[in-house]
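Observations on the three-dimensional arrangement
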Amino acid sequence: MRALTIAPGITNSAAAEDVPEPPESDGAVLVRTLALGVCGTDREIVAGLYGWAPPGRKRLIVGHESLGTVEHAPANSEFKPGDLVVGIVRRPDPVPCPCCAAGEWDMCRNGRYTERGIKERDGYGSEFFRVEPEFLVKLDPSLGLNGVLVEPTSIVAKAWDHTERIGRRSRVWAPKTLLVTGAGPIGLLAAMMGVLRGLDVHVLDHNDRGPKREIVHSLGATFHVGELADLSILKPDILMECTGVPSVVRDALGRTAAGGIVCLLGVSAPGHDLDVDIGGVNRTMVLDNDAVFGAVNANRQHYEDAVIALKRADQRWLDSLITRRVPVEQWTQALVQQRGDIKVVVDFS
Ligand code: BGC
């Protein structure tokens, strides 16, 4: 079968190649891939900056934003042939740590977790993949291709879950305003979940070319272009930072209304020494009871939350996020960002 592979640590080693059928050891459910989303993590992996091959191997099958249909499932599982499904990315560490033992692998404490298509486990970027039933999520068939958005939405569902848990430190927490920095897929999906919660949603991006403004407007949210520092009149109750750009992260701290929550979702490259008045930031955050936290990955509950959120969303709006489909043999073109791209998917159908 054809698969999308790379050699971790080696720049531009990406290829489409023939590989053996997926081993039974990957799980009892056999899935036929329909589509695979690509994201910044895949770009980093292909650039040789991130990613780990399975033990004893040089190459990794990439892909963690899956969508497929069940080809074969054990009779005693909840799956049957034809079901539309998405695979969960992370697997618990082998110890396991208390979080992994409790099914909260997204909170792994010892870093020994593995991830399909990212860390020491083959991904979902092949014509077929196998997966354990407990790491597979069933979707309503009406989601169709938009089901490929479940994995990125699960990341955002976790961000919302944790934001709301932190918010409940005050018994009367009632947020009204959300500011999202970055109108990429994660930012737009975070904004969508804010709209579903009835919040006044604002999205800031540095780029006004392409469809982002229109996509934000059609969500019923407000689009802003420029720097966070120029948006000083807006004091959001919640700020979701989805760019990972160091200067945006710096400007996000202390930017909320009192009692505000800043959720950091973008993974940035280290090595940026920025000028920051950390005493001033600290003073604001302490005196205002502000909270800042980071969030990565998602556990099963977040995937289920994501499926519910995507079902509630306007399907035409979701369609507008998938801006480009690339055939398997040209999959590396999916990684080269083009003007107007939001979510690019590799089409296996
Ligand atoms: C994936 C997460 C993963 C993270 C770090 C993200 O792109 O969506 O599932 O935990 O990368 O590897």
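Note that this is a predicted model, so its numbers are computed, not measured.

1. With respect to the site of the ligand
Taken together, Cys 39, Thr 41, Tyr 50, His 64, Val 89, Arg 90, Glu 115, Ile 118, Glu 151, Ile 155, Val 296 and Asn 297 are the residues near the ligand. Glu 115 is positioned with one of its side-chain polar atoms (N or O) 2.6 Å from an oxygen atom of the ligand. Contact between the ligand and Glu 151: an oxygen atom at 2.8 Å from a side-chain N or O atom of the residue. Bound to the protein, the ligand loses 89% of the 310 Å² it would expose on its own. Taken together, the residues of the shell around the ligand break down into six nonpolar, three polar and three charged.

2. What to know about the nonpolar core
Grouped together as the largest cluster of nonpolar side chains are 89 residues, with contacts concentrated most on Leu 139, Met 192, Met 240, Leu 318, Leu 321 and Val 346. For this core, the domains that each give at least three residues are domain 1 (2-138 + 316-347) and domain 2 (154-294). Excluding residues within four positions of it along the chain, Leu 318 makes contact with Asn 146, Leu 149, Leu 189, Met 192, Leu 310 and Ala 313. Counting residues in each nonpolar core, the second largest holds nine residues, with Leu 179, Leu 234, Leu 239 and Val 248 among its members.

3. Quick look at the environment of Glu 241
Assignment of secondary structure puts Glu 241 in strand 15 (residues 238-241). By relative accessible area, Glu 241 is classed as buried at 0%. For the pair Glu 241 and Asn 289, spaced 48 residues apart in sequence, the C-alpha to C-alpha distance is 19 Å. Not counting residues within four places of it along the chain, the set of residues in contact with Glu 241 comprises Thr 181, Val 248, Val 249, Ala 252, Cys 263, Leu 264, Leu 265 and Gly 266.

4. Looking at the domain arrangement of the protein
Where interface size is given, it is often the accessible area lost as the parts come together that is meant. One can read the domain layout of the protein as domain 1 (2-138 + 316-347) and domain 2 (154-294). The C-alpha centroid of domain 2 is placed 28 Å from the C-alpha centroid of domain 1. Tallying the contact residues gives ten residues for domain 1 and 14 residues for domain 2. For the pair domain 1 and domain 2, the summed buried area comes to about 1,000 Å², and 74% of that belongs to carbon and sulfur atoms. Of all residues in domain 1, the largest losses of buried area upon contact with domain 2 belong to Trp 317, Arg 339 and Ile 342, amounting jointly to 54% of the total for that side. The tally of links between domain 1 and domain 2 comes to one salt bridge. Scanning the region where domain 1 abuts domain 2 turns up two residue pairs in polar contact (both at pLDDT 80 or more). Split into classes, the residues belonging to the side of domain 1 that touches domain 2 amount to five nonpolar, two polar and three charged.

Calculation notes
Residues numbered from 1 in each chain as written. Predicted model: local features only at pLDDT ≥ 70, side-chain atom pairs only at ≥ 80, totals over all residues. Heavy atoms only, no water. Near = heavy atom within 4 Å. Polar contact = N/O pair within 3.5 Å; in protein donor to acceptor, adjacent residues only side chain to side chain. Areas by Shrake-Rupley, 256 points an atom, 1.4 Å probe, with all protein chains shown as cover. Nonpolar A, V, L, I, M, F, W, Y, C, P; charged D, E, K, R; others polar. Core = buried A, V, L, I, M, F, W, Y, C linked by side-chain atoms within 4.5 Å. Buried < 20%, exposed > 50% of the residue type's maximum accessible area, 1.4 Å probe, protein only. Domains from an automatic or database assignment. Contact = heavy atoms within 4.5 Å. Helix = DSSP H or I, 4+ residues; strand = E, 2+ residues; numbered from the N terminus. Buried area = accessible area lost by both parts, 1.4 Å probe. Salt bridge = Lys/Arg side-chain N within 4 Å of Asp/Glu carboxyl O.

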